Amino acid sequence: MILMAGVQLFELVCVVIVTSCVISFHCYNVQADGDPPEEILSGGKEKRPERTNSWDFPRVEIYVFAGRNADLPCNITPNYPDDEISLVLWYNNKSPSPQYSLDSRSGNFDRARHWKSDQLASRAHFHIHTEPAYLQLDHVTSEDESVFTCRVDFERARTRYQEVGLNLIVPPKKPVIKDDKGKVQQSLIGPYNEGDQLILECEVVGGNPRPKVMWWRESVLLDDSFKVTADLVARNVLRIPSLQRHDLMAVFTCEASNNGYSSPTSTSVTVDMNFRPLAVSLQGKRKPLSAGKFAQIECHSVGSRPPAVISWWKGNTRMKSTKSVVSVNGNATTSILAFKPTIKDNGLYLSCVAENPLIEDHRVEAGWTLKIHYLPQLSLRLGSKLRHSHIQEGNDVYFECNVNASPETKDIVWKFEGEEVEINPAAGIIVSNQTLVLQHVKRTGRGRYTCSATNSEGLGESNPVFLRVQYAPVCKPGQKIIYTTTENEPIHVTCDVASDPEDVEFTWSFNNSHDNYYLSNFNFHKTRSTIVYIPKSKYEFGSLSCSASNSVGNQNVPCVYSIVAEGPPEPVQNCTLFNQTQNGIGIDCTDGYDGNLMPHIFVEVYDIMTGSIVANFSSFSLSFFMRSLPPGLNFVLKIYVVSHQGRSQPLVLKGRTLHIPETQSRQGKEWKLLVNPVLIALLFIVVLFILIALCAVVILKRRQISQRKANQEPEEKLPKYTSHPEKEIIPTEEFAKDFYEEKCPDVIPADSKYLEIPVCNLVSQEEGRIPKQICTAAGSSTRDFDGNFEIHEIHPTESENLQTKMWKDPALLEGISSEYYSGEYIDLQTGYRRDVAKASSLTSHERHFKQTDV
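These numbers come from a predicted model, not from an experiment.

About the criteria used
Residues numbered from 1 in each chain as written. Predicted model: local features only at pLDDT ≥ 70, side-chain atom pairs only at ≥ 80, totals over all residues. Heavy atoms only, no water. Helix = DSSP H or I, 4+ residues; strand = E, 2+ residues; numbered from the N terminus. Buried < 20%, exposed > 50% of the residue type's maximum accessible area, 1.4 Å probe, protein only. Contact = heavy atoms within 4.5 Å. Areas by Shrake-Rupley, 256 points an atom, 1.4 Å probe, with all protein chains shown as cover. Salt bridge = Lys/Arg side-chain N within 4 Å of Asp/Glu carboxyl O. Disulfide = S-S within 2.5 Å. UniProt positions renumbered as here; feature names shortened; annotations may be inferred. Core = buried A, V, L, I, M, F, W, Y, C linked by side-chain atoms within 4.5 Å.

> Is there a simple way to explain the overall build of the chain in this structure?
Summing up its helical and strand segments, the chain has five helices and 62 strands in all. Of all 854 residues assigned to the chain, the portion counted as buried reaches 38%. At a minimum sequence separation of 6, the contacts of the chain that also span at least 24 residues come to 61%. Accessible area for the chain stands at about 51,200 Å²; split by element, carbon and sulfur atoms hold 53% of it.

> What should I look at first to understand the pattern of salt bridges in this one?
It is possible for side chains of opposite charge to pair when their charged atoms get near one another. For the structure on display, the rule yields 22 salt bridges. Aspartate 103 is paired through a salt bridge with arginine 105; the nearest N and O atoms lie 3.0 Å apart. One salt bridge in this structure joins arginine 113 and aspartate 103, with 3.2 Å as the shortest N-O distance. Remark: aspartate 103 occurs in strand 5 (residues 95-103) and arginine 113 occurs in strand 6 (residues 113-116); sequence separation between them is ten residues. Residue classification places arginine 113 among the exposed residues on the basis of a relative accessible area of 57%.

> Would you mind showing me how to read the state of the cysteines here?
Cysteine pairs can be linked by a disulfide, which is a covalent bond between their two sulfur atoms. Overall, the coordinates contain seven disulfides when judged by the stated rule. Here cysteine 299 pairs with cysteine 352 through a disulfide, and the sulfurs are 1.7 Å apart. The chirality of the disulfide connecting cysteine 299 with cysteine 352 is left-handed, given an S-S dihedral of about -80 degrees. Pair noted here: cysteine 299 is in strand 21 (residues 295-302) and cysteine 352 is in strand 26 (residues 349-355), with a separation of 53 residues, a long-range link. Like cysteine 299, the residue cysteine 352 is buried in the burial classification.

> Could you clarify how one ought to interpret the UniProt feature "transmembrane region" (unreviewed entry) in the chain in this entry?
The UniProt record marks residues 678-700 with the feature "transmembrane region" (unreviewed entry), using the residue numbering of this structure. Within residues 678-700, the helical portion is 100% and the strand portion 0%, while the C-alpha atoms at the span's ends are 33 Å from each other.

> What is the right way to read the environment of valine 441 from this model?
Inspection of the secondary structure assignment puts valine 441 in the loop between strand 33 (435-438) and strand 34 (447-455). What makes valine 441 buried here is its relative accessible area of 5%. For the pair valine 441 and glutamine 392, spaced 49 residues apart in the sequence, the C-alpha separation amounts to 7.9 Å.

> Please clarify how unusual backbone geometry should be interpreted in this entry.
Where the residue is not glycine, phi is negative for most of them; where a peptide bond is considered, it is trans in most cases. Of note, the amide linkage connecting asparagine 208 to proline 209 takes the cis form, showing an omega dihedral of 0 degrees. Structurally, the position occupied by proline 209 is in the loop between strand 13 (198-205) and strand 14 (212-217). With omega at 5 degrees, the peptide bond leading from aspartate 500 into proline 501 counts as cis. Here proline 501 shows up in the loop between strand 39 (491-500) and strand 40 (505-511). For histidine 139, which is not a glycine, the phi torsion comes out positive at approximately 50 degrees. In this structure, histidine 139 sits in the loop between strand 8 (133-137) and strand 9 (146-154). Accessibility expressed as a relative area gives 51% for histidine 139, which makes it exposed. Even without being a glycine, asparagine 579 presents a positive backbone phi close to 55 degrees. Counting through the fold element by element, asparagine 579 comes out in the loop between strand 46 (573-578) and strand 47 (585-590).

> Please clarify how the nonpolar core should be interpreted in this entry.
Soluble globular proteins: nonpolar side chains tend toward being buried together. Counting residues in hydrophobic clusters, the biggest one holds 29 residues, and the most contacted among them are Leu72, Ile76, Val88, Trp90, Phe126, Val152 and Leu166. Looking at this core element by element, the count peaks at four residues for strand 9. When neighbours within four sequence positions are excluded, valine 152 is seen to be in contact with Cys74, Asn75, Ile76, Ile85, Leu87, Val88, Arg158, Thr159 and Arg160.

What follows is the structure, given as structure tokens:
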């Protein structure tokens, strides 16, 4: 019995110990799952908090709108990997029985049985494959608002409990705005005066969760601090220490919000304000007034709201003859005062006062002192610190005009040599009060100055003051600057300068591209100097510079005179041929013309066999290439230099082009040229003309012998001369001249003044601004690929005469008969002697040209 009693006691003790351990363990799990709740917002799929560890999930608060879905989270993840869920139950604090259950005790968890209460019916579904799992409750109503408990039973671990608070969102009521006196404000508030303090209080009642109350100005947040009173009223007070002009019609909005899903509720007010006048000014110039004549003065005020009230005061007396005009926007007010001043008004202060009657102790004033004087009396003199005899160009000069007038003068008019002086600060002409300032005076400022002024009584003018300005010498305009001469011919060059004082000293110098030196053989008197200059060679043509100096200084820019040589330019020198090809020849020369102008080169290409001109070339370069020449021919090249004074003597060279390989054939070791039938015909014609000429000579000799025999008879028996051509005796000089002209029609007589006419004309060339020469003959033309010259080939026939393009010299055109002139060419064969005779009769006033070959 005792043994049995001991066994029962031991079993009881064991049961008590086991029960205590179970309770302790259960309490430990409950404490671990009882972390402080966290509030979140939910709607549809609400935000769910993250797990803190593998077995703990905090308590949460869910806020949703009525009619939307709520997701109630529950952590069902086992704490041990080998543990499994056997049962999940959902409770709420409104019912002791479960509202939803998940039973997997019979086997697989994925096939667990779901059960719902009648209250939830089809609105609830438990999602177990998410982390954490959650109970989805559709279309939440006010009856669903409660605290839900999720119970999770594991096969090994202890049961886990979690709480989720489901709360419905209730928007707050519309905010109410009050002023500092507690009066409710709506829409337009005020008006407030500029500088006043603005206090607005916003109160918001209701709302779940507790709303936030904020102040906004348009899109700018002003204040988001608020307090909740004991009666659950949220309050935010806005304070603006001093209202400014930019606060006019500003919109202040109080906004209340307690969720992120619905639009916040708000109330707005607009601030109306009164402004004080910003400025007041008297319009027009502050000119003196004439006694006994009506005067009208305008006063303009801006910035007042409502429009300012303007009053006029003369001393301490308010004036009544006024009229006011308000602008359309009400921001500006203009008042016009019309009155007749008297002499007693002299020295009184006339003022215009603008004020806003709604704003006390603030007024803006403007005005001036009235002046009424007499006819101006003016006295002009140079500045007190200036010495008249030492004013030089570049000094600063000022005049002082003293005025004594009643009434006061309107302004002072300055005149120079009877013309009004235009004020130009940029040019150094400045007027300050009664002073005229001439900065850096120039020699053009020499002359008489006066000042005058006008008032209601008339015009007053000062005494004239002559301003003498001494300056360094400068060139007088209109002088001859180009002198033309020849070598060893003296010329007199005169240099005139303007200077004050007129006692000057001169310096002459010569300059060109080869030399630069001073000259001493000159004389001068006061402001004129003359030099005799003799260019002794072509290197002494260039520029003469004349520079003068006086006590003021040296001449800044000297007077320059150009000494130009008469006659044609020098020919080119040291010309060599290079790069002779089948259709081109290159020429490289040195310039023999001593001058500053770029040489203009002309080349005439003649065929040696026929003596006819083949092509013309022109170039502004001393090294150039002639293209498009016939192949396999020998040429004579005549090279000229042309300037505005004529053409140089030609430089003659011989050149040739290479044969075309196709025109040659090789037989054995010798080259044989193919026979040209045209060449044979030409040779036959030449031989025929030679035979005819020999016959003519024989006949002429026979006639001369017969005449000698006849001349041996006595003189008295000689018959009288008649005009018959066959019996007329021709003088030896005329016969020789006619014979010379007939035999040599291409040679110009030595005594002729006829200007040889080149076959080239000058035309302008845009590139480099260098004139380009076009050489033209009867035939076709081609252009050089380098653009240096033009090529014109000639192919004359038996019936065609060689034509040469004439210079368009007015004197030459006047003397040449138009009978042989056609277009721009002169027929040099037909009527050649007649044109030479007419040209030789011309009086050339420039120079005689040397004889050259065509």
